[in-house]
Amino acid sequence: MNLELLMGHRPILTSRSTVDTIFALTQEIPGERPPLEIEALKKTHQNLDGYQVKTMIRKTQLKMLAETWILFVMVIVAGLSAPSASHAERGMEVLTGSIKEYLESNALCLPASYKHQSSSNNKGLCLADIYRLTGLRPLWVTPEGPGKKASTILLYLSQSDTEGLDPEDYGVTRISDLWSARQPQSLAGLDILLTFKLIQYIHDVSCGRLSDLNKAFDPVVAIEKALNVPDLAGYLAGLPPPHQHYTGLKKALKKYRTMEKGGEWQPIPAGKTIWPGEPDDRVPAIVHRLARSCDIDAKVSDLTYYDRSLKPCIVQFQTMYGLEPDGLVGPKTLAAMNIPLSRLIQKIIINMERWRWRQHNLGKKYILVNITSFNLFAFDKEHIALEMPVIVGKVKNQTPVFSSHIRYIDMNPYWNIPKSIAVNEELPKLKKNPYYLVNRHVRLFASGKADAKELNSTAINWAGISPARMAQYRLRQDPGPWNSLGNIKFVFPNPYAVYMHDTPGKSLFSHSRRDFSHGCIRVSNPSGLAAFVLEDTAEKWSLEKINTIRKSGKRQIIRLPTPLPVHITYQTTWVDKNGMIYFNEDLYDQDEALIKALFDK
């Protein structure tokens, strides 16, 4: 090291008087023996005169002194550039004390639905319980300020609107206000606020905001993961559902919020139905509305009458909104056009919420039924291998939302008539016609037991049978073309006694609204669905083979070696494989309650 550089370019004194002085000082140190290097110089250069030896010794001593000064200065500089360990520890102790004081004066209890394996079932967690596991030390800040993970947390809380959440629900403004503070009390408040809001965000973005509907959530596990993962941003990015049904809605949300920046679209006045070819003063407003949300041909943008070139755009709009695609601009089509943009954004957000309630891993191969669109989609590696219209439950017999696994296919099945149908539908018809069961190949048994005696339904005085007595009978329809389940039944365990099946009533699939069942799902292409379900089994199941068994009329159970996931959903807003967004009718009137729960604050 250059001593001149270390001393700030000040010249080192090298005059003989200075050397003599330094030498004299070193010689006068009491009790010091001459360094070995100096003694060696004296012995090596005995032939030199006294002055020369003295000069060489002085140079050596000067060199040694300079090195000592360099070491001394280095120690001083190092000491000035870094605080002592005890100083840092004292700062952390003060911060830890501030956190303890803050938690003692602010309960900050978490929702009762948040459970940790070590906590009581009857007592919810408080934030203090989490901090005690870390010795009440700060998790995200130091006495010098917020750390790298704190910055990552703030970033994701600030961008929570992209997931259909509200950043202000996660204290973003308050966190930003505390960000530059360095007082222990403020830093303690910042650390606790980051922890509290991070727990809330992790829960909401992965499980959903409505605590009475969410999946099991352990806030202690969530924070431990956040503290221990090397890539916190990657961990937080992986919390929402990763599948295309959720990410498609996320992209749609961004698109519609961009539209919203251009303002709400103007309402279109009611009036008579507009047919293709007819002039109407409302056509320019209709074209403008379609241009905001649909891809339409620029050539129709200045129309003042319903030109036939506009019809495909009307049909596309009607399809997007689950309407009859007749191309006529009637009351239902106009009502859909007049749904406010802000309302459509809310519908996107509540359907993102619905996906968060469900399991995130749908499977590599699975079946998805959307009740509100009356459609079934068979997915294989995120690609649609098969889709078909389905029939779902009536409003009074709603198809439930759940997930399960298809375990077997029942070919040419019996139909064991549910007690509710037997009491409410079969009994009134039997009172009018005692041959009603026989005519439909339905057999009557004395009870629900497997060995119950079969009875002659035509010999019973049905006028005297009460609903309670009717509920004790078992009614079973034989396989055949008359069977209400058709000749294929897909069975998956669930507490609702719901399954998918064929149907003899094929004409009902031509309706745009298809809620005709008692809750089960009737499929329009049962052979195709069976081929999809069975294609990975060891035995090769072709369509021809499946149809041969169907036509035989003989019952056969085909069990799956690996059960296939099936998801029954209620998505009033969804995105197809081409990125087109659909706003279906709220069949069971569930949207309004959900919108109120999420947006009425």
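Keep in mind it's a predicted model, so treat the numbers as computed, not measured.

A.B. asks: Would you mind going over the side chain of arginine 522 with me for this structure?
C.D. replies: Positionally, arginine 522 belongs in strand β14 (residues 521-523). No salt bridge is formed by the buried arginine 522. Its closest oppositely charged neighbour is glutamate 425, at 8.3 Å. Discounting residues that sit within four places of it in the chain, arginine 522 has contacts with Pro389, Val390, Ile391, His501, Thr503, Leu508, Phe509, Phe516 and Ser517.

A.B. asks: Is there a simple way to think about the pairing of strand β4 (residues 375-380) in this case?
C.D. replies: As a general feature of sheets, a regular strand has side chains that alternate between the two faces. In terms of residue burial, β4 counts as a mostly covered element, since five of its six residues are buried. As paired elements, strand β3 (residues 365-370) and β4 share six bridges and run antiparallel to each other. What sits directly across from tyrosine 366, in β4, is phenylalanine 379. Counted along the chain from β3 to the antiparallel partner β4, the turn is four residues long, and its residue phenylalanine 374 has a positive phi close to 55°. Of the pairings in the sheet, the one linking β4 to strand β5 (residues 383-393) comprises six bridges and is antiparallel in character. Residue pairing in the sheet places phenylalanine 377 in a bridge with glutamate 387 of β5. As consecutive antiparallel partners, β4 and β5 are separated by two residues, and within that stretch lysine 381 has a phi angle of approximately 55°, a positive value.

A.B. asks: What am I meant to see in the state of the cysteines here?
C.D. replies: All chains considered together, the criterion is met by one disulfide. With its sulfur 2.3 Å from that of its partner, cysteine 109 forms a disulfide with cysteine 126. The chirality of the disulfide connecting cysteine 109 with cysteine 126 is right-handed, given an S-S dihedral of about 45°. Taken together, the residues cysteine 109 in the loop between α5 (85-105) and α6 (127-132) and cysteine 126 in the loop between α5 and α6 connect sequence positions 17 residues apart. Judged by relative accessible area, which is 46%, cysteine 109 ranks as partly exposed.

A.B. asks: How should the packing of aromatic side chains be read in this particular structure?
C.D. replies: The geometry of an aromatic ring pair is captured by two quantities: the separation of the ring centres and the angle between the planes. What the rule picks out here adds up to 12 aromatic pairs. With a centroid separation of 6.0 Å and an interplanar angle of 40°, the aromatic rings of phenylalanine 402 and phenylalanine 492 are classed as tilted. Taken together, the positions of phenylalanine 402 in strand β6 (residues 402-411) and phenylalanine 492 in the loop between β11 (488-491) and β12 (500-501) put the pair 90 residues apart, joining distant regions of the chain. The same class applies to phenylalanine 402 and to phenylalanine 492, which are both buried. Aromatic side chains tyrosine 570 and tyrosine 588 sit 5.6 Å apart centroid to centroid with 20° between the ring planes, which places their arrangement in the stacked category. One end of the pair, tyrosine 570, is in the loop between β15 (556-569) and β16 (573-575); the other, tyrosine 588, is in the loop between β17 (581-583) and α22 (591-599), and 18 residues separate them in sequence. Of the two residues examined, tyrosine 570 and tyrosine 588, each falls in the buried class. Pairwise contacts between aromatic rings join Tyr366, Phe377, Phe379, Trp574 and Tyr582 into one cluster. One cation-aromatic arrangement involves arginine 474 over phenylalanine 445; the distance from NZ or CZ to the ring centre is 4.4 Å. The ring of tyrosine 408 has arginine 559 sitting right over it, with the charged end atom 5.0 Å from the ring centre.

A.B. asks: Sorry if this is basic, but what is going on with the pattern of salt bridges here?
C.D. replies: Pairing is possible between side chains that carry opposite charge, provided their charged atoms lie close to one another. Under the criterion given, the structure shown has 21 salt bridges. One salt bridge connects arginine 440 with glutamate 426, and the closest N-O pair in it is separated by 2.8 Å. Here glutamate 426 lies in helix α17 (residues 419-432) and arginine 440 lies in the loop between α18 (436-439) and β8 (442-445), a separation of 14 residues in the sequence. On the basis of relative accessibility, which here comes to 19%, the residue arginine 440 falls in the buried class.

Conventions and cut-offs
- Residues numbered from 1 in each chain as written.
- Predicted model: local features only at pLDDT ≥ 70, side-chain atom pairs only at ≥ 80, totals over all residues.
- Heavy atoms only, no water.
- Helix = DSSP H or I, 4+ residues; strand = E, 2+ residues; numbered from the N terminus.
- Buried < 20%, exposed > 50% of the residue type's maximum accessible area, 1.4 Å probe, protein only.
- Lys, Arg positive; Asp, Glu negative; His and termini not counted.
- Salt bridge = Lys/Arg side-chain N within 4 Å of Asp/Glu carboxyl O.
- Contact = heavy atoms within 4.5 Å.
- Pairing = 2+ DSSP bridges.
- Disulfide = S-S within 2.5 Å.
- Phe/Tyr/Trp six-rings, centres within 6.5 Å; stacked < 30°, edge-to-face > 60°.
- Lys NZ or Arg CZ within 6 Å of the ring centre and 35° of its normal.

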